[in-house]
Amino acid sequence: MSNEIVAGEPLVSGNRLSCLSQMHPVFKAFVCGSLSGTCSTLLFQPLDLVKTRLQTHQLSATAAGNRPGMLNLLIKVIKKENFLGLWRGVSPSFLRCIPGVGLYFSTLYSLKHHIFSERDPTPLESVLLGAGSRTVAGVCMLPFTVVKTRYESGKYGYKSVYSALKNIYKTEGPRGLFTGLTATLMRDAPFSGIYLMFYTQSKKIVPYDQVDPALTPLRNFSCGIAAGILASVATQPADVIKTHMQLSHESHRWTGQVALSIFQNHGLPGFFRGGFPRALRRTLMAAMAWTVYENMMERMGLKS
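Parameters and conventions
- Residue positions are counted from 1 within each chain, in the order its sequence is given.
- With pLDDT at 70 or above as the cut-off, local features in this predicted model cover only qualifying residues; side-chain atom pairs require 80 or more to be listed or tallied, and sums for whole chains, interfaces and linings still use all residues.
- Only hydrogens and water are set aside when side-chain values are computed; all heavy atoms of the structure are taken into account.
- UniProt positions are given in the numbering used here, feature names are shortened, and annotations may be inferred rather than shown by experiment.
- Secondary structure elements are taken from DSSP: a helix is a run of H or I of four residues or more, a strand is a run of E of two residues or more, and numbering for both begins at the N terminus.
- The classification of residues rests on relative accessible area computed with a 1.4 Å probe and restricted to protein chains. Under 20% of the type maximum is buried, over 50% is exposed, and intermediate values are partly exposed.
- Residue contacts are defined here by distance: any two heavy atoms, one from each residue, within 4.5 Å place the two residues in contact.
- Only Phe, Tyr and Trp rings are paired, with Trp represented by its six-membered ring, and only when their centres lie within 6.5 Å; those with planes under 30 degrees apart are stacked, over 60 edge-to-face, the remainder tilted.
- By definition, a salt bridge exists where a carboxyl oxygen of Asp or Glu is found within 4 Å of a side-chain nitrogen of Lys or Arg.
- Take the buried residues of types Ala, Val, Leu, Ile, Met, Phe, Trp, Tyr and Cys, join any two whose side-chain atoms come within 4.5 Å, and each joined set is a nonpolar core.
- The span you would expect from a helix comes to 1.5 Å times its residue count less one.
- Two axes enter the definition of the bend at a residue: one is fitted to the seven residues ending there, the other to the seven starting there, and the bend is the angle between them.

- Under the annotation held in an unreviewed UniProt entry, the protein carries the name Mitochondrial glycine transporter and is attributed to Hymenochirus boettgeri.
- UniProt, in its Catalytic activity (unreviewed entry) section for the protein, records the words "glycine(in) = glycine(out)".
- We quote the UniProt Sequence similarities (unreviewed entry) comment for the protein here in full: "Belongs to the mitochondrial carrier (TC 2.A.29) family. SLC25A38 subfamily."

Looking at the side chain of glutamine 45
At step 1: By the element assignment, glutamine 45 lies in helix H2 (residues 25-60).
At step 2: The exposure class assigned to glutamine 45 is buried, which follows from its relative accessible area of 0%.
At step 3: Residues in contact with glutamine 45, not counting those within four places in the same chain, are Leu86, Trp87, Arg88, Gly89, Val90, Ser93 and Glu152.

Comments concerning the packing of aromatic side chains
At step 1: Under the definition given, this model contains 11 aromatic pairs.
At step 2: With centroids separated by 6.2 Å and ring planes inclined at 15 degrees, the aromatic side chains of phenylalanine 27 and phenylalanine 30 adopt a geometry described as stacked. Of this pair, phenylalanine 27 and phenylalanine 30 both sit in helix H2, three residues apart, which is roughly one turn of that helix.
At step 3: With centroids separated by 3.9 Å and ring planes inclined at 15 degrees, the aromatic side chains of phenylalanine 105 and tyrosine 293 adopt a geometry described as stacked. With phenylalanine 105 in helix H4 (residues 90-115) and tyrosine 293 in helix H11 (residues 275-299), this residue pair connects regions lying 188 residues apart in the sequence.
At step 4: For tyrosine 293, a relative accessible area of 1% translates into the label buried.

A closer look at the pattern of salt bridges
At step 1: Within this structure, the stated rule accounts for 12 salt bridges.
At step 2: With a closest N to O distance of 3.6 Å, aspartate 188 and arginine 282 form a salt bridge. Taken together, the residues span a long stretch of sequence, with aspartate 188 in helix H8 (residues 181-205) and arginine 282 in helix H11 at a distance of 94 residues. In terms of burial, aspartate 188 and arginine 282 fall into one category: buried.
At step 3: In this structure, a network of salt bridges that share partners links the residues Asp48, Lys51, Lys148, Arg187, Asp188, Asp239, Arg278, Arg281 and Arg282.

Remarks on the nonpolar core
At step 1: Core analysis: the biggest nonpolar cluster contains 32 residues, and Phe105, Tyr195, Trp290, Tyr293 and Met297 have the highest contact counts within it.
At step 2: Elements supplying a minimum of two residues to this core: H2, H4, helix H5 (123-153), H8, helix H9 (216-247) and H11.
At step 3: The contacts of phenylalanine 105, once residues within four sequence positions are left out, are Ala29, Gly33, Ser36, Ala289, Trp290 and Tyr293.
At step 4: Of all hydrophobic cores here, the second largest spans 13 residues; its members include Val146, Ala164, Ile168 and Leu177.

Points about the environment of proline 46
At step 1: Along the chain, the position of proline 46 falls in helix H2.
At step 2: Once the C-alpha coordinates of proline 46 and arginine 281 are considered, the two residues, 235 residues apart in sequence, prove to be 8.7 Å apart.
At step 3: The contacts of proline 46, once residues within four sequence positions are left out, are Leu86 and Trp87.

A short note on H5
At step 1: Here H5 spans only 37 Å end to end across 31 residues, well under the 45 Å set by a 1.5 Å rise per residue.
At step 2: Leucine 142 marks the point of greatest bend in H5, at about 60 degrees, and the proline proline 143 comes within the next four residues.
At step 3: A positive phi of about 80 degrees marks glycine 154, the residue just after H5.

Structure representation (C-alpha cells):
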C-alpha cells in the first residue's frame, strides 16, 4: 500500500510532512481521526449539552408541563450561563473524543486492512467492524464520558476534569468511573456498526469514479447524514438509559432497573427524550468526522 501524498494541496509542509510520511499507517489513522474528532466536538457540543439537560429534567419532572422544550432550554442556558455556557463540558468532551475518535478510526483501519485486505466487508461484517472498534474506544474513554455527562447536567460543581475523576473515584470507587458501561456500549457499539454499514452501502450507490473529485467530500458528507439519522434513532433508548445511570447512580445499579423505571414513569416516549438534539448532533458530528478523516487519509495516500 502506497504511503505517498496524492496530488493536490499538501496537508502540511516541510518537516511536518516528512514526519507524517514516516508514520505507521495505523498511527496516521489515529492522527486523522483525532483531528476530525476535534473539529466535530467543538462545533456540536451545544447540542450534546441540550440533549443531556433535557434528559436531566426527565429525572426530576414527571409532569409533562414541567419539561422544557429544546428551544426554551437553549434560551434558559444562555440567560443563566451566558452564550459560552453552551460549551459547558467541552473539556471532558475533548479528552473523551479526541483520543477516542482517533482510537476508533485507528482500530477500524487496522481491522479492515488485516482482515479485509483483499475484499470489501459485507454489510454484516461492516456492522461488526464498526461495533468492535467503538467498543474498544468506548471502554477506554468511559471515565471521561461519565465526567462529561455530569458536567453537562449542571447538577455537579466539579472544578476540573481531574478533580471530578478524583472525586468520583474517592466517593464511588473504580466502579463509579465506569458507571453506565453496559448502556454506553449498547448505545455506541450498535450506532457505530449501523452507521458504518449504511455509510459504506450508501457510498456504493454513487461509485467514487463517477464523482467529480471536488465533490467527493460533499458526497461523503451526504452519505454520512443519511447513515447518522438511521443509527441515531435505533440507539436513542440506550442513550437515555446511559444518562439516567450516570446522573443517579445512588438509586440505579443496573441497566434493567433504569429501563424499567423510565418505562414506569414516562412510558415509551421517555426512551426518546432528547432524541432530536442527539440525532442532530450525532448525525452532523459523525458525517463531519468521516468526511474530514477520509479527506485527510486520501491526502496521506491511504485508503480509509
